[in-house]
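# Examination of the molecular architecture
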Amino acid sequence: MGDQRFGRRAVLQGIAGGTTALAAAGLLTGCGGNVGGAQQPAPADGKPRRGGRLRAAFTGSSTESSSVLQATATPIDYVRARIVWDTIGEIDGSKPVWRIAESVEPNGDATVWTVRVRDGITFSDGRALTAADVLYTLRTFASQPTTQSAFLAGLDAKASKARDKRTVELHLKGADGFFDLALAQSMFVFPEGTKDFAKAPGSGPFVLKQWSRGRSGLLAARKDYWGKGGPYLDEIELLSVTDAEARLNGLKAGQFDYAGALTLPSTRSEANNPRLRISTAPRELWGELSFSMNLSTDPFTHAQAVEAVRYAIDRDAMVRTVTLGKGEVADGVMGRHQSWYDTSLRPVEYDPDRARRLLSSGALKGTKLSIRTSDYEYGPLEAATAFVEQGRKAGLDVAVDKVPAADFYTDMKSLLGAPIKTSFYHPLPLPLALRSYYGPQASYPFTGPSDATLNGLMRAMSAAVGDKRTGAVHDVQQYLYEHGGDAVFVRVPTVAGATQAVRGVQAFGFFDYPSLRDAYLAS
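Our subject in this report is the structure included herewith. (Residues numbered from 1 in each chain as written. Predicted model: local features only at pLDDT ≥ 70, side-chain atom pairs only at ≥ 80, totals over all residues. Heavy atoms only, no water.)

### Quick look at the sheet that holds strand β11 (residues 258–262)
- In space, the 7 strands of this open sheet follow the order β8-β9-β10-β1-β11-β19-β12, with mixed pairing throughout. A single partner strand is all that each edge strand has here, and the edge strands are β8 (206–212) and β12 (276–280). When the angles between neighbouring strand axes are averaged without regard to direction, this sheet yields 20°.
- As paired elements, β11 and strand β19 (residues 495–499) share 3 bridges and run antiparallel to each other. (Pairing = 2+ DSSP bridges. Helix = DSSP H or I, 4+ residues; strand = E, 2+ residues; numbered from the N terminus. Axes fitted to C-alpha atoms, helices over the stretch in contact; angles between N-to-C directions.)

Laid out in structure tokens, this is it:
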């Protein structure tokens, strides 16, 4: 799982995001629309302006790749991939919006999904895009160590088939009522028979003209793009800038028109800068900080210890200090503001006295905790540090175990085995996020192995179809709220910066790695 986890981590960190961009996750108005949201006025004539070059800076690294199979490993690779290769679909407002697919429908028990491919789509080399290309793409992603392979784990690639030029029949190994969400997770379509994945033609609005690992890439607009609207720009130059402060400074100096993944502290002083627009992700795409407690490791084999940590967290103080007042209190579980979320859940009360009583006797008396964390991005280390004093008020002896940023996710054995660690959950559609972190199929079981009850609820959730899906998600959430090992305590807005001219940047599920498909320069 090593390579697979790395890709996923990248997305999740929003370096990926773990970069996890992919981890990708989320990007503007409450419905994940325009990155600028309400702060972005329409141009005077109401029409996008054509022409020009947009210079945009995103996080990169020495591991950057032009391969479509590694597109989710770093933010800049992911942003580039989104305009070179169209996807089967993408996420907007917690729901799939289909791109290459005209429709995606399950059979009665969600064991077979039928994808109808749009007519008239062409790759940049002139070939028509067909159902065979979609099937080849999915089979390739499923068989390779990619981020997408985790979402396609349930696909029976051998049994699946292209029924005709526009119809793909996807057979699953078991029922999955949320497979449509999986198909909207960065499934970049490339031609059947592709062997050189670094040069795979795409059906997106731009083609890659120049690329230099760790530096920049230049993309030119296609004149024959099949989609409506963009591309409006002639060219997009993507610049690899790892340091968030450097991205902001380059934006202020006029070196870039757009800078992704800025930090809350670095943008605080720019809120009233008339030359810039600091955009905030829609709330459903905010990151979420949690203390993840391993329920199979002491002291968290005792339910009272889990409960005590939850009561010991001063969530309002975390909002003030860690998010600089820009975030909001979380309710204990992930996914708030998504349409899948159980809105009956309420934040756990801050009650240090109750926490102290829970820890005052038996095996829990004198409990000491060492929180494994790192500064791979803003938030986790700051939250762990803030909890040292909060824990003391509740009778907890808390220490911070800071590990180097490069080691935090690469040493997965130590991370999963740690009794308590910080987790920064980047947004994913809630049903997919739950399966990533909990239950028998979890790729990242930060709270340890799940019990039989949770496993049963997870299986029931996967088998739910139609209107029963939301209720099944709520059942899992309720169980995690009462018996889970995560204490999700604060939600953190992610921000980006742009000059006043930039328009049309959209999140479509990932605010830190936005879609530049319809971007333009207003003046």
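### Examining the packing of aromatic side chains
- Counted under the stated rule, the structure contains 24 aromatic pairs.
- Here the aromatic rings of tyrosine 136 and phenylalanine 190 are separated by 6.2 Å at their centres, their planes lie at 90°, and the arrangement is edge-to-face. In this pair, tyrosine 136 sits in helix α3 (residues 131–143) while phenylalanine 190 sits in the loop between α5 (179–183) and β8, placing the two residues 54 residues apart along the sequence. The exposure classification of tyrosine 136 matches that of phenylalanine 190, with both residues buried.
- Centre to centre, the rings of phenylalanine 141 and phenylalanine 190 are 5.7 Å apart; their planes meet at 70°, and the pair counts as edge-to-face. Placement of the pair is phenylalanine 141 in helix α3 and phenylalanine 190 in the loop between α5 and β8, with a sequence separation of 49 residues. Here the two residues phenylalanine 141 and phenylalanine 190 agree in accessibility, since each one is buried.
- An aromatic cluster is built from Tyr78, Trp85, Phe188, Phe510 and Tyr513, whose rings are joined through pairwise contacts. (Phe/Tyr/Trp six-rings, centres within 6.5 Å; stacked < 30°, edge-to-face > 60°. Buried < 20%, exposed > 50% of the residue type's maximum accessible area, 1.4 Å probe, protein only.)

### Focus on the packing of helix α14 (residues 430–437) against helix α15 (residues 452–463)
- The interhelical angle for the contact between α14 and α15, taken along N-to-C directions, is 145°, at an axis separation of 11 Å. Regarding α14 and α15, the two cross each other, and that crossing is left-handed. Contacts between α14 and α15 involve Pro431, Leu434 and Arg435 from the former and Met458, Met461 and Ser462 from the latter.
- Its residues placed into classes, the contact of α14 with α15 shows 4 nonpolar, 1 polar and 1 charged. (Left-handed = near helix turned anticlockwise from the far one by under 90°. Contact = heavy atoms within 4.5 Å. Nonpolar A, V, L, I, M, F, W, Y, C, P; charged D, E, K, R; others polar.)

### Side note on helix α6 (residues 244–252)
- Inspection of α6 places Ala244, Arg247, Leu248, Gly250 and Leu251 among the buried residues, and these make up the whole buried set. For α6, the angular spread of buried residues about the axis comes to 160°, placing them on one side.
- Elements that come into contact with the buried residues of α6 comprise β1 (53–58), β11, α7 (264–268), β12 and β19.
- The positive-phi residue at the C-terminal boundary of α6 is glycine 254, with phi of around 85°. (Arc of directions from axis to C-beta.)

### Structural notes on the packing of α15 against helix α16 (residues 468–483)
- Running from N to C, α15 and α16 cross one another at 160°; their axes reach a closest spacing of 8 Å. By the angle between their directions, the pair α15 and α16 is classed as roughly antiparallel. Handedness of the α15/α16 crossing: left-handed. Residues Thr453, Leu454, Leu457, Met458, Ala460 and Met461 of α15 form the contact with α16, whose participating residues are Ala472, Val473, Asp475, Val476, Tyr479 and Leu480.
- For the contact of α15 with α16, the residue count by class is 10 nonpolar, 1 polar and 1 charged. (Parallel < 35°, antiparallel > 145°, perpendicular 65-115°, else oblique.)

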